[in-house]
Each structure stands twice: as structure tokens, then as C-alpha cells.
Amino acid sequence: MAVLELTNISKHFGAIQAVNDVSLSIEAGQVVGLMGDNGAGKSTLVKMIAGNFRPSHGTMHLDGLELILHRPVEARQHGIEIVHQDLALCNNLTSAANVFLGRELRHGFGPFRVLDYRRMYRRAGEIFRELKSETRPRDLVKQMSGGQRQAVAIARTMLSEAKIVLMDEPTASISVRQVTEVLHLIRQLRDRGIAVVLISHRMPDVFAVADRVIVMRRGRKVADKQIAASSPEEVTGLITGAIERV
Amino acid sequence: MAITTDTFDEAIERKQHSWLATILGSQTFWVLIAVILASVFLSFATDSFATTKNLYNITRNVTFVAIIALGMTVVIITGGIDLSVGSVLCLCSMVLAVVMHAGHSIEVGIAASMGTALLIGAFNGILIAYLNFPPFVVTLGMLSIARSLAMVASNNTVVFQFGPDHDKLLALGGGAWFLGIANPVLYMVVLALMTGFVLRWTRFGRYVFAIGDNEHAATLTGVPVRKIKVAVYMISALSAGIAGIIQTGWLGAVTTNIGAGMELQVIAAAVIGGADLAGGVGTAFGAIVGAALIEVIRNSLGLLGINAFWQGAFIGGAIVLAVLFDRIRNFQQSE
Ligand SMILES: Nc1ncnc2c1ncn2[C@@H]1O[C@H](COP(=O)(O)OP(=O)(O)OP(=O)(O)O)[C@@H](O)[C@H]1O
Ligand SMILES: [Mg+2]
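Rules used in this analysis
- Residues numbered from 1 in each chain as written.
- Chains lettered and ligands numbered in written order.
- Predicted model: local features only at pLDDT ≥ 70, side-chain atom pairs only at ≥ 80, totals over all residues.
- Heavy atoms only, no water.
- Helix = DSSP H or I, 4+ residues; strand = E, 2+ residues; numbered from the N terminus.
- Buried < 20%, exposed > 50% of the residue type's maximum accessible area, 1.4 Å probe, protein only.
- Donors = N, O, S within 2.8 Å, 3.2 Å for Na, K, Ca; no water.
- Near = heavy atom within 4 Å.
- Polar contact = N/O pair within 3.5 Å; in protein donor to acceptor, adjacent residues only side chain to side chain.
- Areas by Shrake-Rupley, 256 points an atom, 1.4 Å probe, with all protein chains shown as cover.
- Nonpolar A, V, L, I, M, F, W, Y, C, P; charged D, E, K, R; others polar.
- UniProt positions renumbered as here; feature names shortened; annotations may be inferred.
- Salt bridge = Lys/Arg side-chain N within 4 Å of Asp/Glu carboxyl O.
- Axes fitted to C-alpha atoms, helices over the stretch in contact; angles between N-to-C directions.
- Parallel < 35°, antiparallel > 145°, perpendicular 65-115°, else oblique.
- Contact = heavy atoms within 4.5 Å.
- Pairing = 2+ DSSP bridges.
- Buried area = accessible area lost by both parts, 1.4 Å probe.
- Expected span 1.5 Å × (residues − 1).

**Quick look at unusual backbone geometry**
All names here are of chain A.
Consideration 1: For aspartate 63, which is not glycine, the phi torsion reads 50° and is therefore positive.
Consideration 2: Along the polypeptide, aspartate 63 turns up in the loop between β4 (57-62) and β5 (65-66).
Consideration 3: By relative accessible area, which is 34% here, aspartate 63 ends up partly exposed.
Consideration 4: Despite not being glycine, glutamate 169 shows a phi value in the positive range, around 50°.
Consideration 5: Along the chain, glutamate 169 falls in the loop between β9 (164-168) and α6 (176-191).
Consideration 6: For glutamate 169, a relative accessible area of 13% corresponds to the buried category.

Quick look at the structure:
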């Protein structure tokens, strides 16, 4: 059974039709590559799944139950995690503070709960180690390299056992070694039965890890097929519009 | 390779800078040094600085600006500004005065005054957070509105009789209940500790910093940005209201021009103390230290017999100098 099912999802911003009548379903433990030209609507689509935008039309189902999200917190409670394209980091906070942003650990009771720095540093440290990242929990994000920043954003998705992880260009600004690390992580997530949506402009990455590829063009889904049945040439054609739709 | 690799615990404990480097790199620290040096210098250069009476006056005078600077600092950390605090102080003082003058108890007067402050703060905050008004515009409007309301409430008269609880009010603001320290100073210390605690140890405080640095990221990660913004403008207005109540008790009279121009002093105190108007940076301690520097400058000019017209030049110079330190440090880091 599909973990996530979108039916006729649309999103418009005023006159701009960012996502237009997209339906798709994703199975547990499946890696789906989501590709498309700039402005095709990829980020908008995953932001709806992550509770950042409400769809203008259409419905979403998670494990067969209708999913209506008002806030990103609710998506996380349902086991939906996202790495945002712009990473969504605060430079003036430590990496641990960024990892836990919006779901800080606290101790105490009632209105007297205070931040549990120790536990947050420790947990963030464990995740960075798991990611084989040189990132340290107490370092300010301001002074971090592009790869370390990416690790912080990815670490957020590992705070709790997710059902779906949405990655919006997680390999955009990192070194070859770290790309390998991220792809390895995606496979690990898949092996644990977690569904992954990978948005990327890098054809080799998608063909290396994805089971399926979905192509969007100007807000519409124009292809959805097994990676084994496709080829980089075909996907390129679909992205540019040289191939209308398959 | 093994040499540079930390063990797990080392990696978790490892900080980018030692505490010493952190202190030496902080603007607040250098402003504090300036306050101390100026005080030492004045103690030797004049007979009247280090007297009990003068120190009592200085510490008390600091408090009114300092208490509001605490609230202002929280607003500035979110990347906002509140220009209405001087007028809000006036309106809240007037509400207190008028209510007590009408024969109500001090408790009712204070509740009415604080209620007014919270209402104004909520009004500012809702316009800013939900209707996306620029903070500068909303609070500039409120600067005008609140003072006008104070004039309406009092019919532009001076109120100096506060009904049955008159003496209680004067004792609240003018007394020294603990170790001979002026009451306003005690309130300031308590409020500063509370503000510092909230900023460092609560989720609310963390969100305040997150919003100031990257509001978009805060929104994406599910921080309740709008509610927090409303809350910070309520805190700012409340700090002005509290300062107004204390100042009323100390002065023993309320006129419709108290607090005029105070917003600029308060913002100056916050900025001198290290708050960054671009958002994301600031401390409660800095607000107090900044206010102290301004007061020491004012006091010393008088004691040294320098024409009071120079006051603005010195305070303005202090603002630029304090921020200059910060710029120099940033330049060094970016090279
Ligand atoms: N918050 C918004 N308000 C208005 N328009 C928006 C908003 N977000 C996205 N859009 C518009 O929606 C369309 C799709 O944008 P989206 O970010 O989803 O594209 P994308 O496929 O992620 O592109 P890229 O590869 O460049 O990241 C664009 O035309 C964009 O301008
Ligand atoms: Mg995008």
C-alpha cells in the first residue's frame, strides 16, 4: 500500500499556477527522483507535503488516511521530514539549535520548562557522527562551510523515525565525497522502509539511488516511470519539453 | 588524520571560541570597561561623583531608560523597532494617575496601566505580524496616538494627587526598601535577570533570535513567528508601562510631556549595549550597560562643568564608537 498518495493536487499563488493537477503515490522504502526545470513546481509540491503551503485543490492521504496540514509541526508529527532547498538555517544559532529548531527539547514542567542544552548537544552530535560530518554541535552555523550547513539541514530529518523524507536539492553545494555520503544515507533510509523524495538537477545522483523518476514541467507531472525503464536522455527530453509526455 | 579527529565527547564539548575570546570579542564587555573607567576617573577628578547621594541618583536615573531598553532589546533582536515607548510610558503613567486620582486603589491603578500597555503592544504587534506593516511605521503612528490619548485622558493637566493610596505609590517609586538601594534599581535588576533568563533558557527566547536572523527559515521550520512577534511588542510596551509606573511614584507627578524623546535614548542604550538593529543579536545585560554609559556621560558632563548642550554630541559619539568596535571585529573576521 502507498504511504503517501496525492490526488489532483494544485497550488496557485495569485495568477501563478505553480503546481497543476498532480497525482502520484509513493510506497514505503521507495526512492523517487523528482526532476524538472527551474520553476517547474518541485519545491512547491514538497512544501505542500511538509505543511508549509496548503494545496489550493486536491487531497493528500498518508497511510490511507486523509492528511490535512495546517503547520509544519503537524507534518513532522505524522513522520514527514524535509530538507529545504535554501536549508532554512539561522546563522546566529549553533548547529544543534538549528537541528532542533521548532522542536526544542526541554525539561521541567508546565510553564517552567527550560531548554535542555545537554541533551540537544548530545543528540545532535550523535546524528552528525552518523552522517560522518565534521560538524560540531556547539559551532555557530554562520562560520560553516556549505557542506556542513547541508549536514545540519539533513540532520533535522533524523531526529525522529520518519515515514517520508523529502530532500530538496540536498546535494546542490557539496563535495563529491559528501554527495556519496548523502546518497548512502538515502539508501539507508530506504532500507529502513522510509520513502524518500529526492529533488535534484544532477542526473547521475538520481539514476544512482532512485527507483522511480517523476518529471514535472510548468506545474504538471509529465512522466512517472521506473528508473530501469528510462534513461538520462529521455528524462532530459522530458525536462526540456523535447519529449512532450510519456 | 587521527591527530585532528576528536573523540565523540570532545566533539560535543568543543566550542569555536574559548570563553575568554568570547568576552573580549563582545561589544558589551568594552562598553562595561568604558563605564568603569569613566567612573574611576570621575571619582578622582571630582569630589561629588563618588558620593553616596550622587551614586544613588545615577543608579536610579539609569533604571527608567534601562527597563525600557530591556523590552526594546527583545524587539530589536527580532529585527524590529518600537518608537512608541516614550509615549506609551506617558500614557501608562497618566492612566495610573487618573485612575488613582479618581479614588481607586493602587492595585487597580497598576492593573489599568499595565492593561493599557499590553493592549497597545498587542495592537502594534498584530499590525506588524499579521498585516505586515513595517514596525517603524506602526510604532511611529503609535508614538503620536499614545501621547495624544494621554492628553485626552488628563485634559492636558498635571496630576500630582493620587487618591487614598498616594503615599503607597510614592514609596513604591521613591523608597529604598532593601540595603539602601533605590527601589527602581531593584526592579531593574529583577527585570534584567528575568529577561536574560527568558532569552537564554526558554524556547520563546530561542525563537526571538531565530526570527531576527532568518524569519523565512523560522517560518519554514514551524516557529510560530507571528505570535512571537506580537508577544515581543507586548513585552516592549509593558516595559514602558512598568517604567512609567515606577517613574510616577518617584516623581510624584505626571505631565503629558514625560517620556518625550525617550525612545531615542532607549534605542541608543540597546545599541550601545550590543543589540544589532539588523536583528539576531542582543542581550539583557547589554541593555543595562548601555543605559549606564549614557547616564554616566550625562552625569559627568554636569559634574565637570561642561555645558549641557554638549550632551547630545557625547552620547551620539558613544553610539558610533560602540558600534565601531563591533565593525572592526567583523572586518577582522571576514578577512
Ligand atoms: N511563495 C510564493 N509566492 C509566489 N510564487 C511562488 C512562491 N513560491 C513559488 N512560487 C512560484 O511558483 C513556481 C514554482 O516554483 P518552485 O519553487 O516550486 O520551482 P522549482 O521547481 O522548485 O524550481 P527550482 O529548480 O528553481 O528550485 C515559480 O514560478 C515560482 O515563482
Ligand atoms: Mg526548488
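**A look at the coordination of the magnesium ion (ligand 2)**
Residue and element names in this part refer to chain A.
Consideration 1: Protein coordination at the magnesium ion (ligand 2): the donors are Ser43 (OG) and Gln85 (OE1), at 1.9 to 2.1 Å from the metal. Residue serine 43 is located in helix α1 (residues 42-49), and its partner glutamine 85 is located in the loop between β6 (80-83) and α3 (95-99); the two are separated by 42 residues in the primary sequence.
Consideration 2: Residue class for serine 43 comes out buried when judged on its relative accessible area of 19%.

**Concerning the site of ligand 1**
All names here are of chain A.
Consideration 1: Close to ligand 1 lie 15 residues; Gly39, Lys42, Ser43, Thr44 and Gln85 are nearest.
Consideration 2: With respect to ligand 1, the side chain of lysine 42 contributes an N or O atom lying 2.8 Å from an oxygen atom.
Consideration 3: Here an oxygen atom of ligand 1 sits 2.6 Å away from a polar atom, N or O, in the side chain of threonine 44.
Consideration 4: When the free accessible area of ligand 1 is taken as 630 Å², the share hidden by the protein chains comes to 65%.
Consideration 5: Residue assignment for the shell around ligand 1 shows that the elements contributing at least two residues are β2 (16-27) and α1.
Consideration 6: Element by element, the count of residues in the shell around ligand 1 is highest for α1, at three residues.
Consideration 7: Taken together, the residues of the shell around ligand 1 break down into five nonpolar, seven polar and three charged.

**Re the UniProt feature "domain: ABC transporter" (unreviewed entry) in chain A**
Consideration 1: Sequence positions flagged by UniProt for "domain: ABC transporter" (unreviewed entry) are, in local numbering, residues 4-243 of chain A.
Consideration 2: For residues 4-243 of chain A, the end-to-end C-alpha separation is 28 Å, with 32% helix and 28% strand making up the annotated structure.

**Let's talk about the UniProt feature "transmembrane region" (unreviewed entry) in chain B**
All names here are of chain B.
Consideration 1: Under the UniProt annotation, "transmembrane region" (unreviewed entry) lies at residues 28-46, 58-77, 83-103, 110-133, 176-199, 230-254, 266-294 and 301-325.
Consideration 2: Measuring from the first to the last C-alpha atom of residues 28-46 gives 26 Å, for a span that is 95% helix and 0% strand.
Consideration 3: Overall, residues 230-254 shows 88% helix and 0% strand. The separation of its end C-alpha atoms is 29 Å.

**Overview of the pattern of salt bridges**
Consideration 1: Tallying each qualifying case throughout the model produces 16 salt bridges over all chains.
Consideration 2: As a salt-bridge pair, lysine 168 of chain B and aspartate 165 of chain B come within 3.9 Å of each other at their nearest N and O atoms.
Consideration 3: Given the relative accessible area of 47%, lysine 168 of chain B is considered partly exposed.
Consideration 4: Residue glutamate 295 of chain B pairs with arginine 298 of chain B through a salt bridge whose shortest N-O separation is 2.7 Å. Taken together, the residues glutamate 295 of chain B and arginine 298 of chain B, both in helix α14 (residues 284-303) and three residues apart, mark about one turn of the helix.
Consideration 5: Judged by relative accessible area, which is 6%, glutamate 295 of chain B ranks as buried.
Consideration 6: Residue class for arginine 298 of chain B comes out partly exposed when judged on its relative accessible area of 26%.
Consideration 7: Bridged by salt links that share partners, the residues Arg212, Lys221 and Asp224 of chain A form one connected network.

**Some remarks on the packing of helix α8 (residues 166-174) of chain B against helix α12 (residues 225-251) of chain B**
All names here are of chain B.
Consideration 1: The N-to-C vectors of α8 and α12 enclose an angle of 105°; their axes lie 6 Å apart at closest approach. As judged from the angle between their axes, α8 and α12 are roughly perpendicular. Residue-level inspection shows Leu169, Leu170, Leu172, Gly173 and Gly174 of α8 in contact with α12, the latter providing Ile245, Ile246, Thr248, Gly249 and Trp250.
Consideration 2: Taken together, the residues of the contact of α8 with α12 sort by class into six nonpolar, four polar and no charged.

**Here we look at the pairing of strand β1 (residues 2-13) of chain A**
Residue and element names in this part refer to chain A.
Consideration 1: Pairing between β1 and β2: eight bridges, direction antiparallel. Note on β2: the bridge partner recorded for leucine 6 is leucine 24.
Consideration 2: Once β1 ends, the chain turns through two residues before running back antiparallel as β2, passing glycine 14 with a positive phi of about 60°.
Consideration 3: With five bridges joining them, β1 and β4 adopt antiparallel strand pairing. Across the sheet, the residue bridging to serine 10 is histidine 57, located in β4.

**Observations concerning the sheet that holds strand β10 (residues 195-199) of chain A**
All names here are of chain A.
Consideration 1: Here we have six strands laid out as an open sheet, ordered β6-β9-β10-β3-β11-β12, and mixed in their pairing. The sheet is open, and its two edges are formed by β6 and β12 (220-226), each paired on a single side. For this sheet, the mean inter-axis angle between neighbouring strands, taken without regard to orientation, is 15°.
Consideration 2: Bridging between β6 and β9 involves four bridges; their strand directions are parallel. Bridging across to β9, isoleucine 82 finds its partner in leucine 166.
Consideration 3: Across the sheet, α1 touches β3 (31-36), β6, β9, β10 and β11 (212-217), and the angle it forms with β3 is around 140°.
Consideration 4: Sheet contacts for helix α8 (residues 232-240): β3, β11 and β12; angle to β11, the most-contacted strand, approximately 25°.

**Re the interface of chain B and chain A**
How large an interface is tends to be reported as the accessible area lost when its parts come together.
Consideration 1: Taken together, the 30 residues of chain B in the interface contact 35 residues of chain A.
Consideration 2: Taken together, the two surfaces of chain B and chain A that pack against each other cover about 2,900 Å², and 54% of this comes from carbon and sulfur.
Consideration 3: Applying the counting criterion to the chain B and chain A interface returns ten residue pairs in polar contact (both at pLDDT 80 or more).
Consideration 4: Counting residues per element, the ones that place at least two in the side of chain B that touches chain A are α1 (8-13), α9 (183-201), α10 (203-213) and α11 (215-220) of chain B.
Consideration 5: Here the side of chain B that touches chain A gets six residues from one element, more than from any other, and that element is α10 of chain B.
Consideration 6: The class makeup of the residues in the side of chain B that touches chain A is eleven nonpolar, ten polar and nine charged.

**Re the environment of glycine 316 of chain B**
Consideration 1: Assignment of secondary structure puts glycine 316 of chain B in helix α15 (residues 311-334).
Consideration 2: For the pair glycine 316 of chain B and glutamine 265 of chain B, spaced 51 residues apart in sequence, the C-alpha to C-alpha distance is 9.9 Å.

**Re α10 of chain B**
Quick reminder: α-helices carry 3.6 residues per turn. Residues three or four places apart thus point the same way.
Consideration 1: Extensive coverage of α10 of chain B is indicated by the burial of eight of its eleven residues.
Consideration 2: When α10 of chain B is considered as a whole, its buried residues turn out to be Gly205, Arg206, Tyr207, Val208, Phe209, Ala210, Ile211 and Gly212 of chain B.

**Comments concerning α9 of chain B**
All names here are of chain B.
Consideration 1: A rise of 1.5 Å per residue sets the reference length of α9, with its 19 residues, at 27 Å; its end C-alpha atoms lie 27 Å apart and thus fit the reference within 8%.
Consideration 2: Of all the positions in α9, only Asn183, Pro184, Val185, Met188, Leu191, Ala192, Thr195 and Leu199 are classed as buried.
Consideration 3: Of the surrounding elements, those touching the buried residues of α9 are α4 (52-77), α8, α10, α12 and α14.

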